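Breakdown of the fold
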Amino acid sequence: MATRTDRQSPTLHASDSHDLIRVHGARVNNLKDVSVEIPKRRLTVFTGVSGSGKSSLVFSTIAAESQRMINETYSTFVQGFMPTLARPEVDVLEGLTTAITVDQQRMGADPRSTVGTATDANAMLRILFSRLGKPHIGPPSAYSFNTASVRASGGITVERGAAKTRTVKATFNRTGGMCTRCEGRGSVSDIDLTQLYDDSKSLAEGAFTIPGWKSDSQWTVQVYAQSGFVDPDKPIRAYTKKELQAFLYGEPVKVKVNGVNLTYEGLIPKIQKSFLSKDKEAMQPHIRAFVERAVTFTTCPECDGTRLSEGARSSKIGRISIADACAMEIRNLAEWVRGLDEPSVAPLLTALQQTLDSFEEIGLGYLSLDRPAGTLSGGEAQRVKMVRHLGSSLTDITYVFDEPTIGLHPHDIQRMNNLLLRLRDKGNTVLVVEHKPETIAIADHIVDLGPGAGSEGGTVCFEGTVEGLRAGDTVTGRHFDDRATLKESVRKPTGALEIRGASAHNLRDVDVDIPLGVLTVVTGVAGSGKSSLVHGSVPAGENVVSVDQSPIKGSRRSNPATYTGLLDPIRKAFAKANGVKPALFSANSEGACPTCNGAGVIFTDLGMMAGTSTTCEDCEGKRFDSSVLEYHLGGRDISEVLAMSVAEAEEFFGAGEARTPAAHRILGHLADVGLGYLRLGQPLTTLSGGERQRLKLATHMTEKGGVYVLDEPTAGLHLADVRQLLGLLDRLVDSGKSVIVVEHHQAVMAHADWIIDLGPGAGHDGGRIVFEGTPADLVADGSTLTGEHLAAYVGA
């Protein structure tokens, strides 16, 4: 038999020429006709200062167009149920592959959402217990805390043919695992009546302590006083049982007060409708503080916080119930699953094992499946989203990551780098928006945007290798090897905040004194208990200003001026200068253009196709009625003021006819956090993650507090911006404030006056103080993971 020795000539196949993603003429947000060519099946890192256009290029252009084109492959019927996406403003996009986006968006804070429900782990556990659990209580839904048991029976009418109908008896039965007391939430809420009123006083004496409720003039109070259900001159503690029931829980009923028909309703349902049904983030600070005082959440006494019914908790595999399994650390749960040997469910055990091992692989083995999703940090939430992709057999996918190292200790960054390289080595294109030099260093290709932020950015400053970036004259290249040095002298504390017996989450009766009057950094590996110590133990009060990682809320009508409260003094200044009402200078109120209702654009809904937006012809996108634009302050109309940058506005409102101290003060805070380039009227939806974090910090700086608690303020910050942040922290401390920072960035650690290091590991292996002292002492000690990495960072 003849053997074939001839081989095909190594000529390039036509399909092999498509090895680049080509972007030409991208103009999304602040991008200025950007054109780049990104190699496929490589790791490309996008760098640049915060607001330079990285997310606009990667997420809003490349990933968005990939998703839109995939959606178009479905039938129009299916597309009608999907979100409509407009084509990004770009001339050419070629070589796209299916994009999987793993962004920084926090997981929903719905109390029913947990780490287990956000992944497939809980679903697989429910099936496992429904097959192997003893006693057998029902299908997988019987182990779900989101499913209530339902039983129903009755007659249903069945139609057969034109006139034949008959009644058939039918029953419906569904077994769920939801605890009936807390409805699957794990906690029950209670209203603290002492925060609502002083029971030693009568209504006429002003018993109510609810914000805005005054006994002499407030209509709501008069409804209670003149309802006839209670005696307004009798102290509340002297009410009879019947009076107290009507006062607290009375059903809605019409009453006449001063000749006006109004509705009387019990105090508890009134408070629930007036305050508790609203978004806390949208409330004024004093109202939010009242709600936090008045409402207490306690562990459900019936399910002991497991969310599950007694039946679901009674069914066990060995000695473990599904509640016990979900409460375990995931690494321990993985060991338990590995020990199960039941051929009938072998495929399920294999899939569950892979999912749990993926958690351990990305450094989240310290979590438990019953951990509420809303309590995860931005970095943890992003890594949880990665779990489902790690074991995927798909190749030639474009994975898009938004700062995957956020929330990671330097010790954990290498593990994340290995995962990114593993995804690339499977034949995928990996696009990463990143600021950390440790991750930039592993890139095959780098795209550096800038040179500045906002209107000063949006151009490609550099494309090439890491060595080329280091040698290049870009902001990122110049700061790539920046290293903060240890301070020669540290500030002396003026006092101490004593924490005793802290035991939230994994803390082990921690006793620690946090020094006041200095810059204190709380650090440790992810999951060591930092946030539990600071947010769970530092007493919240009027003297404490806490800036956490929760996202700022706002629609396309919201902008930096409305979010910070800056627009209020500006409107008043315009109104005073022109002798008219302040409401005229709001695009969301009386001053709005009647054609576009103050949006500046006209939206046209095209059904299952992407809607279109066109600039309003009447106001030309200025959002205001033409009559409003005739009023001026300092020679500018309101639309021209909102088009100013923060730096321009700070100068404008600082002197001359337009001098407005209240506005100037807020603008100063925005400039302090490095947002001098932002336009006052720029929609919040166009801001990057780092810009939103700093906008939130600037807003809280207007509050009067002695202690500032900041949770990872370097999130989303470029290397060049970190230095400005350190200057801001120094100014806060030098002005007499105490600053407590939860942080992983070594530059912030080196700049601290005092460091509290938690560990030594994560989860059950953490929760202890492993070091307290100055950064220099930590470097000299070198016994903790933080000490090792800080010593390497400062070159000690």
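Provided above is the structure to which this section pertains.
In this report, the structure presented in the accompanying data block is examined.

Cut-offs applied
Numbering of residues starts from 1 in each chain and follows the order in which that chain's sequence is written. Only residues with pLDDT of 70 or above have their local features reported here, since the model is predicted, and side-chain atom pairs are shown and tallied only from 80 upward, although totals for entire chains, interfaces and linings are computed over all residues. In computing side-chain properties, one takes all heavy atoms of the structure into account and sets aside hydrogens as well as water. By definition, two strands form a pair when at least two bridges between them are found by DSSP. Helix numbers and strand numbers start at the N terminus; a helix is a DSSP run of H or I with at least 4 residues, a strand a run of E with at least 2. Fitted lines through C-alpha atoms serve as axes, helices being fitted only where they are in contact, and the angles separating the N-to-C directions of these axes extend from 0 to 180 degrees. The buried label applies to any residue whose accessible area, calculated with a 1.4 Å probe on protein chains only, is under 20% of its type's maximum; exposed applies above 50%, and partly exposed to all values in between. To pair, rings of Phe, Tyr and Trp, with the six-membered ring standing in for Trp, must have centres within 6.5 Å; the planes then decide the type, stacked if under 30 degrees apart, edge-to-face if over 60, and tilted in the middle. For a lysine, the NZ atom is tested; for an arginine, the CZ atom; a charge sits over a ring if that atom is within 6 Å of the ring centre and within 35 degrees of the ring normal. To qualify as a nonpolar core, a set must consist of buried Ala, Val, Leu, Ile, Met, Phe, Trp, Tyr and Cys residues joined through side-chain atoms within 4.5 Å. Residue contacts are defined here by distance: any two heavy atoms, one from each residue, within 4.5 Å place the two residues in contact. Geometric relationships in this document are graded by angle, where less than 35 degrees denotes roughly parallel, more than 145 denotes roughly antiparallel, 65 to 115 denotes roughly perpendicular, and other angles denote oblique. Helix crossings get a hand from a simple test, with the near helix turned counterclockwise from the far one by less than a right angle marking a left-handed crossing and a clockwise turn marking a right-handed one. Classes in brief: Ala, Val, Leu, Ile, Met, Phe, Trp, Tyr, Cys and Pro nonpolar; Asp, Glu, Lys and Arg charged; the others, Gly included, polar. Under the rule applied, a polar contact is a pair of N or O atoms within 3.5 Å (in protein, one hydrogen donor and one hydrogen acceptor; residues adjacent in sequence only if both atoms are side-chain atoms). Surface patches are drawn from residues lacking salt bridges whose relative accessible area is over 30%; two like charges belong together within 9 Å, two nonpolar side chains (Val, Leu, Ile, Met, Phe, Trp, Tyr) within 5 Å. Areas reported here follow the Shrake-Rupley algorithm with a probe of radius 1.4 Å; residue values treat only the protein chains shown as occluding. Each salt bridge in this description consists of a side-chain nitrogen of Lys or Arg and a carboxyl oxygen of Asp or Glu lying within 4 Å of one another.

**What about the sheet that holds strand β26 (residues 754-759)?**
- The strand order across the open sheet built from 6 strands is β21-β24-β25-β20-β26-β27, with neighbouring strands paired in mixed fashion. In this open sheet, the two strands that pair with only one neighbour each are β21 (544-547) and β27 (768-773). Each strand of the sheet is rotated relative to its neighbour by a mean of 15 degrees, with strand direction disregarded.
- As judged from the 5 bridges shared by strand β20 (residues 519-524) and β26, these two strands associate in the parallel manner.

**Describing the pairing of strand β19 (residues 510-516)**
- Within β19, 5 of the 7 residues are buried, which leaves the element mostly enclosed by the surrounding structure.
- Of the pairings in the sheet, the one linking strand β18 (residues 495-502) to β19 comprises 6 bridges and is antiparallel in character. Note that in β19 the partner of Ala-502 across the bridge is Val-510.

**Some thoughts on the packing of aromatic side chains**
- If you walk through the whole model with that rule in mind, you get 14 aromatic pairs.
- Relative to Tyr-631, the ring of Phe-585 has its centre 6.0 Å away and its plane inclined at 70 degrees; by these criteria the two rings are edge-to-face. Of this pair, Phe-585 sits in the loop between α20 (567-578) and β22 (601-606) while Tyr-631 sits in the loop between β23 (609-615) and α21 (638-642), and the two are 46 residues apart along the sequence.
- When its relative accessible area of 0% is taken as the criterion, Phe-585 is described as buried.
- Ring geometry for Phe-652 versus Phe-653: centroids 5.0 Å apart, planes at 80 degrees, classification edge-to-face.
- Put simply, the rings of Tyr-197, Phe-208, Tyr-224, Phe-229, Tyr-239, Phe-247 and Tyr-264 touch in pairs and so form one group of aromatic residues.
- One residue, Arg-307, lies across the ring of Phe-145, its end atom 5.1 Å from the ring centre.

**Digging into the nonpolar core**
- One finds Ile-570, Ile-638, Phe-653, Leu-680 and Val-739 to be the most contacted residues of the largest nonpolar core, which totals 69 residues.
- Per-element tally for this core: the top contributor is helix α25 (residues 719-734), with 7 residues.
- If sequence neighbours within four positions are ignored, Ile-638 has contacts with Ile-570, Phe-574, Phe-585, Phe-624, Val-628 and Leu-629.
- In terms of nonpolar packing, the next biggest core, distinct from the first, is built from 67 residues, Met-124, Leu-132, Ala-323 and Phe-480 among them.

**Notes on the packing of helix α4 (residues 121-132) against helix α12 (residues 346-361)**
- Where α4 meets α12, the closest approach of the two axes is 10 Å, and the angle between their N-to-C directions is 150 degrees. With respect to α12, the element α4 is oriented roughly antiparallel. Crossing handedness for the pair α4 and α12: left-handed. Of the residues in α12, those in contact with Ala-121, Met-124, Leu-125, Ile-127 and Leu-128 of α4 are Leu-348, Leu-349, Ala-351, Leu-352 and Thr-355.
- Along the lines of polarity and charge, the residues of the contact of α4 with α12 split into 9 nonpolar, 1 polar and no charged.

**Some points on the side chain of Thr-61**
- Note that Thr-61 resides in helix α1 (residues 54-71).
- For Thr-61, a relative accessible area of 0% corresponds to the buried category.
- Here the side chain of Thr-61 touches Ser-56 through a polar contact of 2.8 Å, landing on its backbone oxygen.
- In this view, Thr-61 contacts Val-23, Ala-26, Val-28, Leu-31, Ser-56, Pro-88, Val-90 and Leu-93; residues no more than four positions away in its chain are not counted.

**Quick look at a nonpolar patch on the surface**
- Taken together, Tyr-74, Phe-77, Val-78 and Phe-81 make up a surface patch of nonpolar side chains, about 460 Å² in accessible area.
- Relative to the helices and strands, Phe-77 is located in helix α2 (residues 76-79).

**Let's talk about the side chain of Arg-383**
- Checked against the element boundaries, Arg-383 lands in helix α13 (residues 378-390).
- Non-local contacts of Arg-383, meaning those with residues more than four positions away in its chain, are made with Ile-362, Gly-363, Leu-364, Tyr-366, Gly-407, Leu-408, Met-416 and Ala-526.

**What to know about the packing of helix α11 (residues 330-338) against α12**
- Packing of α11 against α12 leaves a shortest axis separation of 9 Å and a crossing angle of 155 degrees. It follows that α11 is roughly antiparallel to α12 by the angle criterion. Pair α11 / α12 crosses with left-handed handedness. Within the contact between the two elements, α11 uses Ile-330, Arg-331, Leu-333, Ala-334, Val-337 and Arg-338 and α12 uses Leu-349, Leu-352, Gln-353, Leu-356, Asp-357, Phe-359 and Glu-360.
- Taken together, the residues that form the contact of α11 with α12 break down as 8 nonpolar, 1 polar and 4 charged.

Function cannot be inferred from these measures alone, as they are strictly geometric.
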